Amino acid sequence: MESLDQHDDICGPLLPLDDAWRLLTAAAAVDPPAVDRILTWPTVGLWAVQTARRSMHPHPAVQPLWLDVGYLHSLAAASAIRAGLDFQLAVPVTHGTVTLPTIGAATLPLKSGTAVVHSRDGRVTITAGDVSVPADDGHPSWHPSIVVEIDGGGTSLSVELLDRDPFRDARRPTPPAPLSAAQIEKWRSNLEQAWTILVREQPGRAPSISATLRALTPLPAAEPYRPLSASGVESFGGALLSAPDDPTQLAMTLVHETQHNKLGALLHLLTLTKEAASVRFYAPWRDDPRPLSGLLQGVYAFSGIVDFWQVHRRNVAGGEAAVAHFEFALWRRQVSVGLRTLAGSGLLTDSGKRFVSHLLNRMQGVVDLPVPECALTAARRMAADHRSMWRGHNVRLGPAAEEILMTAWERGDPLPSALFRDGGPNAAVVAEPDIGWFDTRAVLTRQYLFTGAVGPAPVEGATAPDHALITGDHDQARQGYLKALSREPASTHLWVGYALAGGGPETSALMGRPELVLAVARHQSAGAADPERLAAWIQAGIPAHMLAEPDPVSWRVDG
């Protein structure tokens, strides 16, 4: 309110903010719990932050600012309806929709800019021009809130599926995407089955999920084994997520997003990290270098995933068990890497040190649990794949180091020892790299463990050599990667795949320091360099201790 009050005519054709505020406070005087429920609704925090930010930093947008500001009027109307007040108030119409959070939405002609909400004696109508929509469940233009309630035998779950609220997406204001009756039923079925899994297998965690999650924003299905989900620290109790492959994946995602919600709430109370703007860290589940706070969020979310798979793998069989063992082995390894990075960062507050120490102690209880050799081997390989992909994709040598490297290669000299003085070349990371599809071979691994084959559905970013690698034909994979590298010498994906296929002594250099190979390869035209010769040259010149050393705890941001 204070931020918006600095602007003239901030409400456009709507009543001033004070009028909406008076209705809101009148409702709060009658029914405080109802108004509290609306003001703490997940979309409200997102709206407040996004709208205040936009008002302070004006920029061209797809719709006038008053349409965003008018969400306050919609909140006031919803609160007054909950409190049983008689009133009328103009509210914005966005993309042909009036949204009354926690109550429902009305569809109106797209040309409408505003509509009036009337409430008298418990009867609510929304009117725009000569079109009037009663808030009755049977009216085709009225869409009541989609609430899924599940009785879990003592631990229940109640969530609303958000498909029309403009502030339901943590990333940006979003047009309506109405769910069909079939989609709603599919979500309801998946949620019921997922909740059964969680109540049975995570009895200590299910109550926190029940108490936390209140609203889910469904997205279209992503690629199999590549679910999309997100939460915002200003939207406690909310998450957006793609339609799941199956109830197990949904159960896992609910755990993941609840972890983010809980840590987001804690971060409003305590400061756990000291941020350094010019420093980034390796997060073993992200393509991009992360600030320390982002790494902490991921570590906490995936620690919940470790707990989930640690139990679930004991309750399934066949291909599902093979995948569950793999997920457990992979994520306990990756979380351990993240925790060590956090602990060694030097950027934790005292509260942050206590928090990370607690997580480290919890992880000690699972790091040595037995896992079938096939899943364990696959997890180790995919962890190495991600790490090498991250380095090759994100790490850039300093100009002087790159010049030394290129000069030696072009002259046919050995790899200069000067590159490895004082800890190695002056390297930094790209702050916002392009998407690298670092999980491509991991997705193929999941397919193979579950079905014994890869495909037939294509996996974005996958190549024929990847298929050969995952199915165990390493000779074919190696030759395929070499052939492809002759056409695309600067492909991180192909170089790391070539290293994973093995067969030569140079693979340790490729996996441990791919940025050196890529620095040379980026200057080569297609077919100009023999990949095997380049890899062997790099391998021959790297001191063994440089390959054995761990990555730096932090990376300087390039530029």
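Residues numbered from 1 in each chain as written. Predicted model: local features only at pLDDT ≥ 70, side-chain atom pairs only at ≥ 80, totals over all residues. Heavy atoms only, no water.

A. Just the overall build of the protein chain, in detail. Helix and strand counts for the protein chain come out as 21 helices and 16 strands. Dimensions along the principal axes, computed over C-alpha positions, put the protein chain at roughly 85 × 55 × 45 Å. Looking at the protein chain alone, contacts between residues at least 24 apart form 69% of all its contacts between residues at least 6 apart. Averaging the coordinates of the 47 positive side-chain charges in the protein chain and doing the same for the 58 negative ones gives two points 5 Å apart. (Helix = DSSP H or I, 4+ residues; strand = E, 2+ residues; numbered from the N terminus. Contact = heavy atoms within 4.5 Å. Lys, Arg positive; Asp, Glu negative; His and termini not counted. Charge placed at Lys NZ, Arg CZ, Asp CG, Glu CD.)

B. Structural context of helix H3 (residues 42-56). When the terminal C-alpha atoms of H3 are compared, their 22 Å separation across 15 residues agrees well with the 21 Å that a helix rising 1.5 Å per residue should span. Turning to H3, its buried residues are Pro42, Thr43, Val44, Gly45, Leu46, Trp47, Gln50, Thr51, Arg54 and Ser55. Among the structural elements, helix H2 (32-39), helix H4 (65-69), helix H5 (71-83), strand E10 (215-219) and strand E12 (238-242) are those in contact with the buried residues of H3. (Expected span 1.5 Å × (residues − 1). Buried < 20%, exposed > 50% of the residue type's maximum accessible area, 1.4 Å probe, protein only.)

C. Molecular detail of the sheet that holds strand E5 (residues 123-128). If you walk across this open sheet you meet the four strands as E1-E4-E5-E6, and the pairing is antiparallel. In this open sheet, the two strands that pair with only one neighbour each are strand E1 (87-92) and strand E6 (131-134). Adjacent strand axes in the sheet meet at a mean angle of 25° when their direction is disregarded. Packed onto the sheet, H5 meets E1, strand E4 (114-120) and E5 and runs at close to 150° relative to E1. (Pairing = 2+ DSSP bridges. Axes fitted to C-alpha atoms, helices over the stretch in contact; angles between N-to-C directions.)

D. Summary view of the side chain of Arg280. Note on placement: Arg280 falls in strand E13 (residues 279-280). In terms of polar contacts, Arg280 uses its side chain to reach the backbone carbonyl oxygen of Ala277, at 3.1 Å. Sequence-distant contacts of Arg280, defined by excluding residues within four places in its chain, comprise Pro289, Arg290, Pro291, Val429, Ser554, Trp555 and Val557. (Polar contact = N/O pair within 3.5 Å; in protein donor to acceptor, adjacent residues only side chain to side chain.)

E. Summary view of the sheet that holds strand E3 (residues 104-107). The three strands lie next to each other as E2-E3-E7, forming an open sheet whose pairing is antiparallel. Lying at the two open borders of the sheet, with one neighbouring strand each, are strand E2 (97-100) and strand E7 (142-144). Across the sheet, the axes of successive neighbouring strands diverge by a mean angle of 15°, strand direction being ignored.

F. Quick peek at the packing of aromatic side chains. Counted according to the given criterion, the structure contains ten aromatic pairs. When the ring of Phe308 is compared with that of Trp309, the centres are 5.1 Å apart and the planes differ by 80°; the resulting orientation is edge-to-face. Accessibility expressed as a relative area gives 0% for Phe308, which makes it buried. We classify Trp309 as buried; its relative accessible area is 8%. Linked through ring pairs, Trp47, Tyr71 and Phe167 together constitute an aromatic cluster. (Phe/Tyr/Trp six-rings, centres within 6.5 Å; stacked < 30°, edge-to-face > 60°.)

G. Inspection of unusual backbone geometry at higher detail. With phi around 75°, Thr102 is a residue other than glycine that occupies positive phi space. Position of Thr102 relative to the elements: it lies in the loop between E2 and E3. The backbone of Tyr225 sits at a positive phi, close to 70°, despite the residue not being glycine. Counting through the fold element by element, Tyr225 comes out in the loop between E10 and strand E11 (229-230).

H. Quick peek at the layout of surface pockets. Of the pockets and cavities examined, the second largest pocket occupies roughly 690 Å³. Forming the walls of the second largest pocket are 29 residues, and the residues nearest its centre are Tyr282, Arg333, Val337, Arg340 and Arg387. Looking at the lining of the second largest pocket, the elements that each hand over two or more residues are helix H10 (318-343), helix H12 (373-394) and helix H18 (507-512). Along the lines of polarity and charge, the residues of the lining of the second largest pocket split into 14 nonpolar, six polar and nine charged. (1 Å grid on protein atoms, 1.4 Å probe; cavity = no way out; pocket = protein on both sides within 12 Å on 5 of 7 lines; lining within 4 Å. Points joined across faces, edges and corners; volume = space filled by probe spheres on them. Nonpolar A, V, L, I, M, F, W, Y, C, P; charged D, E, K, R; others polar.)

I. Structural view of the pairing of E3. The pairing of E2 with E3 spans four bridges and is classified as antiparallel. Bridge pairing links Thr97 to Thr107 in E3. Linkage of E2 to E3, two consecutive antiparallel strands, is achieved through a turn of three residues, within which Thr102 is found at a positive phi near 75°. Taken together, the three bridges between E3 and E7 define a ladder with antiparallel strand orientation. What sits directly across from Ala106, in E7, is Trp142.

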